[in-house]
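Below, each chain spelled out in residue letters.
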Amino acid sequence: IEKEGLGGAYFRVGYPTVGLHDEDLYPLDLLSYILSRGGASRLERTVKEDLRLVSDVGSYSNTPGYGAGTFVLYGTCAPEQLKEAIAASVKELYRLRDDLVSPEELHTALTQKMADDVLGKQTAEDEAESIGWSMLGAGNPDFDALYLRRLREVTPAQIQAVARKYFKDDKQTVVVLRPPVAPTATTSMAEASTDAAAGVDPFPIEKLDLPNGFRVLLKRNPNKPLVNLQVAFLGGVRLEPAGQEGVSAITAELLSRGAGAMSRDELAKAFDQIGGNLSPSSGNNSFGLSVEVLAEHFPKALELAALIIREPTFPERELETVRGDNLQALARMNDDWDDQLLTAFRRAFFTRHPYGYSPLGTE
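Residues numbered from 1 in each chain as written. Predicted model: local features only at pLDDT ≥ 70, side-chain atom pairs only at ≥ 80, totals over all residues. Heavy atoms only, no water.

Trainee: I'd like a description of the sheet that holds strand β10 (residues 277-282), backed by residues and values.
Mentor: With antiparallel pairing, three strands are arranged side by side in an open sheet as β7-β11-β10. Of all strands in the sheet, those with a lone pairing partner are β7 (226-234) and β10, marking the two edges. Between one strand axis and the next, the sheet turns by 15 degrees as a mean value, whatever way the strands run. Across six bridges, the pairing between β10 and strand β11 (residues 286-294) is antiparallel. Looking at the pairing, Asn277 lines up with Glu292 of β11. (Pairing = 2+ DSSP bridges. Helix = DSSP H or I, 4+ residues; strand = E, 2+ residues; numbered from the N terminus. Axes fitted to C-alpha atoms, helices over the stretch in contact; angles between N-to-C directions.)

Trainee: I'd like a description of the packing of aromatic side chains, backed by residues and values.
Mentor: This structure, assessed with the given rule, holds twelve aromatic pairs. A ring pair is formed by Tyr26 and Tyr147, whose centres lie 5.8 Å apart and whose planes are at 45 degrees; its orientation type is tilted. Of the two residues, Tyr26 sits in helix α1 (residues 25-36) while Tyr147 sits in helix α6 (residues 143-151), which places them 121 residues apart along the sequence. In terms of burial, Tyr26 and Tyr147 fall into one category: buried. Where Phe350 meets Tyr355, the ring centres are 5.3 Å apart and the plane angle is 90 degrees; that geometry is what we call edge-to-face. (Phe/Tyr/Trp six-rings, centres within 6.5 Å; stacked < 30°, edge-to-face > 60°. Buried < 20%, exposed > 50% of the residue type's maximum accessible area, 1.4 Å probe, protein only.)

Trainee: Account for the layout of surface pockets, naming residues and giving values.
Mentor: Of the voids in this model, the largest pocket is the one considered here, and its volume is about 1200 Å³. What lines the largest pocket is a set of 29 residues, and nearest its centre among them are Val216, Leu217, Leu218, Leu229 and Gln230. Among the elements that take part in the lining of the largest pocket, β7 stands out by supplying eight residues, more than any other. A class-by-class count of the residues in the lining of the largest pocket yields 17 nonpolar, five polar and seven charged. Looking at the second largest pocket, it is lined by 26 residues, and the ones nearest its centre are Lys113, Trp133, Phe143, Asp144 and Tyr147. Broken down by secondary-structure element, the contributors of at least two residues to the lining of the second largest pocket are α1, β2 (56-62), α4 (103-119), α5 (124-138) and α6. Considering each element in turn, the lining of the second largest pocket owes the most residues, seven residues, to α5. When the residues that make up the lining of the second largest pocket are grouped by side-chain class, the tally is ten nonpolar, eight polar and eight charged. (1 Å grid on protein atoms, 1.4 Å probe; cavity = no way out; pocket = protein on both sides within 12 Å on 5 of 7 lines; lining within 4 Å. Points joined across faces, edges and corners; volume = space filled by probe spheres on them. Nonpolar A, V, L, I, M, F, W, Y, C, P; charged D, E, K, R; others polar.)

Trainee: Lay out the pattern of salt bridges with the relevant residues and their values.
Mentor: A full pass over the atoms with the stated rule returns 14 salt bridges. For Arg150, the salt bridge identified is with Glu23, shortest N-O distance 2.2 Å. Placement of the pair is Arg150 in helix α6 and Glu23 in the loop between β1 (9-16) and α1, with a sequence separation of 127 residues. Residue classification places Arg150 among the partly exposed positions, given a relative accessible area of 23%. Note that Asp24 is salt-bridged to Lys165, the shortest N-O span being 3.0 Å. Of this pair, Asp24 sits in the loop between β1 and α1 while Lys165 sits in helix α7 (residues 156-166), placing them 141 residues apart in sequence. You can call Asp24 buried: its relative accessible area is 14%. Three or more residues joined by partner-sharing salt bridges are found here, namely Glu253, Arg257, Arg264, Asp265 and Glu318. (Salt bridge = Lys/Arg side-chain N within 4 Å of Asp/Glu carboxyl O.)

Trainee: Please set out the packing of helix α2 (residues 42-50) against helix α3 (residues 82-98) residue by residue, giving values where relevant.
Mentor: Packing of α2 against α3 brings their axes to within 10 Å, and their N-to-C directions diverge by 150 degrees. Between α2 and α3, the angle falls in the class roughly antiparallel. Two packed elements cross with a definite hand, and for α2 against α3 that hand is right-handed. Along its contact with α2, which presents Arg42, Leu43, Thr46 and Val47, the element α3 presents Ala85, Ala88, Ser89, Glu92, Arg95 and Leu96. (Parallel < 35°, antiparallel > 145°, perpendicular 65-115°, else oblique. Left-handed = near helix turned anticlockwise from the far one by under 90°. Contact = heavy atoms within 4.5 Å.)

Trainee: How would you explain the nonpolar core if you had to name every residue and give the values?
Mentor: Judged by nonpolar contacts, the single largest core of 47 residues is most densely connected at Phe11, Leu31, Leu93 and Phe167. Contributions of two or more residues to this core are made by β1, α1, α2, β3 (70-77), α3, α4, α6 and α7. In this structure Phe167 touches Tyr15, Leu28, Leu31, Phe71, Leu93, Tyr94, Arg97 and Val162, once residues within four positions along its chain are discounted. By size, the runner-up hydrophobic cluster in this structure holds 18 residues, among which are Leu267, Ile274, Leu289 and Ala301. (Core = buried A, V, L, I, M, F, W, Y, C linked by side-chain atoms within 4.5 Å.)

Trainee: Which residues make up the sheet that holds β2, and what values go with them?
Mentor: Spatial ordering of the open sheet is given by β2-β3-β1-β4, a layout of four strands whose pairing is antiparallel. Both outer strands of the open sheet, β2 and β4 (173-177), are each paired with one neighbouring strand and no more. With direction set aside, neighbouring strand axes in the sheet form an average angle of 15 degrees. By the bridge criterion, eight bridges tie β1 to β3 in an arrangement that is antiparallel. Across the sheet, the residue bridging to Gly14 is Val72, located in β3. Packed onto the sheet, α2 meets β2 and β3 and runs at close to 150 degrees relative to β2.

Structure, rendered in structure tokens:
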């Protein structure tokens, strides 16, 4: 597939494999980790670092509960290196058909898998999600435990066996997204493609200082028919008065809950009707909102955003709802050791500086 305006080439090389209940699931998943998990993996070390053919490379084994799965190699490279990058990536995959992986490689992949499982279940919500997906996909709420147990039983010979079984040229599907091979010099998009391939940004950021004090930064991306609007004001934890920690987060959230004559429900419905997303935000130094919408609906989205910015109403009822939500979020922070660690670090490192507080503030 050729697409004007791209600054690089993207490839996918896929092979049909198995579903979630097949015995080959386990060696295929570990094989993918051996290929591409971590900086010392085969694809990273050879195709990216030694040969310098790609800027990004990886693999994944997808095994759904509803049918056959796929094994995919993927990468990003310069257009002129596309053929070499694909050939080198497939060569690394096919090496697994010829030679047994070392016990060290297999052990490393297994350790990485185990670590990812633990890191992915740090909260009660993570645990519940894991049980839910296991039940929906495998019909067994304890499938994750079974999965890890079966991974430990995989041998180098099984890795080689599945590589020989599934990775064949006649089963291979290759999809490429790249700039046009011979772009015309008469169109601005073709010029943009050439510039991008040469490492030159064809659409640099434009800065406008408006008379009312607003500073506007414009960045064009012709690859997607979307407009993303970010509106930011000075604020956040740094400017919150002592004793009012968290007021910035509440202010940001309330922006989307009433403006002009429109209620929260009316604002939400208006954005839903144009397929737009409205998201408030508050951090260390700023607060505001973001709007994402298809380009054809941007005029309406901009009109709504302007109303929210100029005429927020901060309804009392919505304030109490947001206050309650944030209090619950503060209470849940103790459920996640990562959040506990971040909270402790903030207080110890920043001491009396406002950065010592979470954007959610304190109870």
